Protein chains: 2
Amino acid sequence: MEVPPPEELMHPLYVPNKTLMGPGPSNGSQRVLDSLSNPILGHMHKECFQIMDEIKAGVKHLFQTENVATMCVSGSGHAGMETAFVNLVEDGDVVLLACTGLWGHRAAEMVKRVNGDVRYVESRFGRSLSIKEIEFAFEGHKPQVFFIAQGDSSTGILQQNLKEIGELCEKYNCLFVVDTVASLGGTEFLMDAWKVDMAYTGSQKVLGAPPGITPVSFSDRAIARIKARKTYVKSYYFDALLVGQYWNCFEAPRIYHHTISSTLLYGLREALAQFCTMGRKNVIRRHQECSHRLQCGVEEIGLEMLVPKANDRLPTVNTIKVPVGVDWRKVSDYAMRKYKLEISGGLGPTAEQVFRIGLMGENATYERVDLVLNILHEAIQSSKIPEKSKI
Amino acid sequence: MEVPPPEELMHPLYVPNKTLMGPGPSNGSQRVLDSLSNPILGHMHKECFQIMDEIKAGVKHLFQTENVATMCVSGSGHAGMETAFVNLVEDGDVVLLACTGLWGHRAAEMVKRVNGDVRYVESRFGRSLSIKEIEFAFEGHKPQVFFIAQGDSSTGILQQNLKEIGELCEKYNCLFVVDTVASLGGTEFLMDAWKVDMAYTGSQKVLGAPPGITPVSFSDRAIARIKARKTYVKSYYFDALLVGQYWNCFEAPRIYHHTISSTLLYGLREALAQFCTMGRKNVIRRHQECSHRLQCGVEEIGLEMLVPKANDRLPTVNTIKVPVGVDWRKVSDYAMRKYKLEISGGLGPTAEQVFRIGLMGENATYERVDLVLNILHEAIQSSKIPEKSKI
């Protein structure tokens, strides 16, 4: 009873070329895409180590950190989040999760699995958390670990007061974990200056590398906490001390920890090189200018941003209220069908309520902003026409 | 105090074209490498789902299974191993690990982190485990989960009696986990017929796709065990029920679980398509013929295989004893320096003792066998010449 080879694998691979202006992944540059076809390299070859060293240096610049424990985990952004909690949380540790959208709740999914004691501090809908609200929660919960997403891609909320939160965490002797998956490169992030203990970001957002490899960094304080654990880190694959040893972060010789994907290293290396060539501050400014242009355009076509205060708006993932009487799915389908352009709907707390427009990397240009505004407007108009009158 | 952009990222990416005849990764075909440069796709786009469905069908054929819970995890082969244990093991469960080389011990690293009760059954050096040895261990330990590597890439041992082990596991109501990372496609593997409950394999070995995405499959019995867990699966990222829902394995609608790497999907899809085009049985026969040719050649040049019984030899990763007076490192360095050919040394229990020659995928051809034999012979001769007389 042989299980036969599937017929569908006999057809050629079909990959359409789309303009990815949802919350990510974003389009890769031609330089990044070309790099992916390079020959495979062994995970213990010196040329592979060199690329890893270059990436590590690039990630330190990206995060603005001098942490020795700066590396990548071989997985998606969710793997970065899991890496934070499996390493930093022991049974019964109180973990305070800031919720400005979906990601605090997603973090809870991971914390509970490693027997952390989950607590929440939730912002009012559409708003970032004030330092007062956070300090109040610290008083009540006395957390060992605090988590926040700098940018929540479900609501489009940007958390501007990370520096103040870092001081709060220091005061309460609490480890400070920041999810920068959707925000990094679109807004300032200063890991060391803001006293962040663990950060991770997405390869496939502003950087425009493929998903599947995730930059992470741990402060010396975080590494000391891991070394002082009384119980094993509950994952071998995401064990920061082992992954870090493979990435040559510590004084110990490199070990074979897992077979890294050289393909993904090439893409990330080239994406970081482009980021450095363009200049970190220029990239951030460009993303902010593009978001500003989009916000003005949104107003012009009679739409409204979800996040009321301009200061609370994430430049990379922009949330726009779906007008009354409009079916967001029809709008999204129209843009994809007619223009191969991705405009997303909401996620988690914003499901059915917003359009999400990503302005990241290759797509953070005035041209793309104007394109997406035009198509969004056209798609909304089209979706308002009753089906009958279209015939 | 800006952390400056690293100078080294201003240099062009350098990737040499090597012949990878170590224990993996192996070389990708041009078709696979070309596919990697395709545009990025969203992780929830229908074209991405279609490719995932095609891969799933290909993996079912590859494993010879009709398990609905057939999917990939977004990580390397080690992630496949971790997926087995985080899902199947609860606190205190007795896990019997077969050791025919390194991989049983690596599995222990993972089992202990999820509070499994680790037991071992070790083979005599250079030999596979007999069914008698295994049954004796079952009697003594009464395991809930049994693990074995079909092929141990550190020793080059092939375990031929998986069918009998499957029956044993059934008799003892024990879940049967098989690591096929190094063996699949180089030797027969019949997941359903052999009553295997969980299997995973490497993308970067016989298949010749890039590392970073790992096919896994769970039997209905294994899924039932997971559903009946009293405690959470200790990983969100590797939770088989969630990953499986994203891969559309169950009756429930697809969910957004993580951002899959479309790039790696392309490579794996094309590798599976090539595998199906060549024919499963042809691929296996070719690998066995190549290994046979290599073994004959090894004897001809006066070397000796590590594994004494021909039946116990893994065709994909061939272990050859390092002759007395020869430094394996010099041989390996010579082959790499002069021919960009990878010949590896030992690993774990075979460190310093063997050469490991991989015959996998693109490198499982008579031409490559003859090439590696020639170069191995030349490199050994060269390494025997005292340094002085070379001048």
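Structure's up top.
On a predicted model such as this, the values are computed, not experimentally measured, just so you know.

Cut-offs and rules
- Residues numbered from 1 in each chain as written.
- Chains lettered and ligands numbered in written order.
- Predicted model: local features only at pLDDT ≥ 70, side-chain atom pairs only at ≥ 80, totals over all residues.
- Heavy atoms only, no water.
- Axes fitted to C-alpha atoms, helices over the stretch in contact; angles between N-to-C directions.
- Helix = DSSP H or I, 4+ residues; strand = E, 2+ residues; numbered from the N terminus.
- Parallel < 35°, antiparallel > 145°, perpendicular 65-115°, else oblique.
- Left-handed = near helix turned anticlockwise from the far one by under 90°.
- Contact = heavy atoms within 4.5 Å.
- Nonpolar A, V, L, I, M, F, W, Y, C, P; charged D, E, K, R; others polar.
- Pairing = 2+ DSSP bridges.
- Buried < 20%, exposed > 50% of the residue type's maximum accessible area, 1.4 Å probe, protein only.
- Arc of directions from axis to C-beta.
- Buried area = accessible area lost by both parts, 1.4 Å probe.
- Salt bridge = Lys/Arg side-chain N within 4 Å of Asp/Glu carboxyl O.
- Polar contact = N/O pair within 3.5 Å; in protein donor to acceptor, adjacent residues only side chain to side chain.

Enquirer: Which parts of the structure should I look at to understand the packing of helix α3 (residues 77-88) of chain B against helix α4 (residues 103-113) of chain B?
Expert: Two quantities define a packed helix pair, namely the angle between the helix axes and the distance between the axes. Residues and elements named next belong to chain B. Following both chains from N to C, one finds α3 and α4 inclined at 55°, their axes separated by 10 Å at the closest point. Classified by the interaxial angle, the pair formed by α3 and α4 is oblique. α4 is crossed by α3, and the crossing has right-handed handedness. Here H78, M81, E82 and F85 of α3 come into contact with α4, specifically with W103, R106, A107, M110 and V111. For the contact of α3 with α4, the class distribution of residues is six nonpolar, one polar and two charged.

Enquirer: What is the right way to look at the packing of helix α11 (residues 328-339) of chain B against helix α12 (residues 366-384) of chain B in this model?
Expert: All names here are of chain B. At a minimum axis separation of 9 Å, α11 and α12 run at an interaxial angle of 120°. By the criterion of interaxial angle, the relationship of α11 to α12 is oblique. Between α11 and α12 the crossing geometry is right-handed. The segment α11 lies against α12, with K330, V331, Y334, A335, K338 and Y339 engaging I375, L376, E378, A379, I380, S382 and S383.

Enquirer: Is there a simple way to think about the sheet that holds strand β3 (residues 94-99) of chain A in this case?
Expert: Sheet strands pair via backbone hydrogen bonds, and the direction of the pair is either parallel or antiparallel. Residues and elements named next belong to chain A. As summarised here, the arrangement of the seven strands in space is β2-β10-β9-β8-β5-β3-β4, forming an open sheet in which the pairing is mixed. Every other strand in the sheet has two partners, leaving β2 (69-73) and β4 (117-122) as the edge strands with one partner each. Adjacent strand axes in the sheet meet at a mean angle of 20°, parallel and antiparallel pairs treated alike. As judged from the five bridges shared by β2 and strand β10 (residues 214-218), these two strands associate in the antiparallel manner. Bridge pairing in β10 links M71 to V216.

Enquirer: Looking at this structure, how should I read helix α5 (residues 131-141) of chain A?
Expert: It helps to recall that an α-helix has 3.6 residues per turn; residues three or four apart then point in one direction. Residue and element names in this part refer to chain A. Every buried residue of α5 is listed here: I134, A137 and F138. An end-on view of α5 places all buried positions within 105° of arc, on one side of the element. Set apart from the buried face of α5 by more than 90 degrees, the exposed residues are K132, F136 and G140. Each element contacted by the buried residues of α5 is listed here: β3, β4, β5 (145-149) and α6 (162-171). K142 sits one or two positions beyond α5 and adopts a positive phi of about 45°.

Enquirer: What am I meant to see in the interface of chain B and chain A here?
Expert: Many structure descriptions define interface size as the accessible area lost when the parts assemble. Taken residue by residue, the interface counts 90 residues in chain B and 90 residues in chain A. Taken over both partners, the interface formed by chain B and chain A buries close to 7,400 Å², and the fraction arising from carbon and sulfur atoms is 63%. Interface area lost by chain B to chain A is led by L9(B), I40(B) and R113(B), which between them contribute 11%. Run the count over chain B and chain A and you get eight salt bridges. K18(B) is the partner of E47(A) in a salt bridge, and the nearest nitrogen-oxygen pair spans 2.7 Å. If you look at where chain B meets chain A, you find 40 residue pairs in polar contact (both at pLDDT 80 or more).

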